[in-house]
Amino acid sequence: GKVPYMSPEVATHQPFDGHAVDIYSTGTVLLFMLTGLRLTGPITQDRMFDSMEPSKYGLSVEAMDLLRKMFRLNPVDRLTLD
């Protein structure tokens with residue numbers, strides 16, 4: 001895959017949990033589907049979405065919250081399906 005769509009742990013060749021990686025990658029697709037935005041590189045800050053105004057991108061507060069949870073840098077803190 002392309003680096004912008006890889007979770008940070010995969011992009012940096014660290015050990016990883018496949019489920020957490022899949023959540024991150026699904027988030028990249030969801031971001032594109034909802035906004036048309038394509039990531040140009042891996043996300044490097046947990047709080048990068050905190051400064052984004054959801055309404056600027058046509059997102060609801062709930063959608064933005066979901067994306068923030070999917071893009072947590074620490075896979076332990078990332079959204080799960082459990």
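So, about helix H3 (residues 61-70). When H3 is considered as a whole, its buried residues turn out to be Ala 63, Met 64, Leu 67, Arg 68 and Met 70. Down the axis of H3, the smallest arc covering the buried residues is 165 degrees, so these residues share one side. Looking at H3, the residues exposed on the side facing more than 90 degrees away from the buried face are Val 61 and Glu 62. On its buried face, H3 is in contact with helix H2 (18-35).

Moving on, we get to the packing of aromatic side chains. In total, this model carries one aromatic pair according to the counting rule given. When the centroid spacing of 5.1 Å and the interplanar angle of 80 degrees are considered together, the rings of Tyr 24 and Phe 71 count as edge-to-face. On the criterion of sequence distance, the pair formed by Tyr 24 in helix H2 and Phe 71 in the segment after H3 is long-range, its members being 47 residues apart. Here Tyr 24 and Phe 71 have matching classes, each one buried.

As a further point, take the nonpolar core. Within the largest apolar cluster, ten residues are counted, these being Tyr 24, Leu 31, Leu 39, Ile 43, Met 52, Leu 59, Ala 63, Met 64, Leu 67 and Phe 71. Looking at this core, the elements with two or more residues in it are H2 and H3. It is H3 that contributes the most residues to this core, three residues altogether.

A surface patch of nonpolar side chains, about 300 Å² in accessible area, is lined by Val 29, Phe 32 and Met 33. Taking the relative accessible area as the measure of exposure, Met 33 reaches 63% and is therefore exposed.

A side chain with one charge may pair with a side chain of the opposite charge, provided their charged atoms come close. Considering all chains together, one arrives at two salt bridges under this definition. Between Arg 78 and Glu 9 there is a salt bridge; the shortest N-O distance is 2.9 Å. Here Arg 78, found in the segment after H3, pairs with Glu 9, found in helix H1 (residues 8-11); they are 69 residues apart in sequence, far enough to count as distant. Taken as a pair, Arg 78 and Glu 9 share a single burial class, namely buried. Here Lys 69 makes a salt bridge to Asp 65, at a shortest N to O gap of 3.0 Å.

Atom-level detail of predicted coordinates should not be read off regions where pLDDT is low. On average, the chain scores 86 in pLDDT, and the residues at 70 or more come to 89%. In the model of the chain, H1 stands out as the element of lowest mean pLDDT, 90, in contrast to H2, which has the highest, 92.

Now for the side chain of Thr 28. Tracing the chain through its elements places Thr 28 in helix H2. For Thr 28, the contacting residues outside a window of four places in its chain are Pro 4, Tyr 5, Leu 39 and Phe 71.

Rules used throughout
- Residues numbered from 1 in each chain as written.
- Predicted model: local features only at pLDDT ≥ 70, side-chain atom pairs only at ≥ 80, totals over all residues.
- Heavy atoms only, no water.
- Buried < 20%, exposed > 50% of the residue type's maximum accessible area, 1.4 Å probe, protein only.
- Helix = DSSP H or I, 4+ residues; strand = E, 2+ residues; numbered from the N terminus.
- Arc of directions from axis to C-beta.
- Contact = heavy atoms within 4.5 Å.
- Phe/Tyr/Trp six-rings, centres within 6.5 Å; stacked < 30°, edge-to-face > 60°.
- Core = buried A, V, L, I, M, F, W, Y, C linked by side-chain atoms within 4.5 Å.
- Patch = residues over 30% accessible without salt bridge, like charges linked within 9 Å, V, L, I, M, F, W, Y side chains within 5 Å.
- Areas by Shrake-Rupley, 256 points an atom, 1.4 Å probe, with all protein chains shown as cover.
- Salt bridge = Lys/Arg side-chain N within 4 Å of Asp/Glu carboxyl O.
- pLDDT = per-residue confidence, 0-100.

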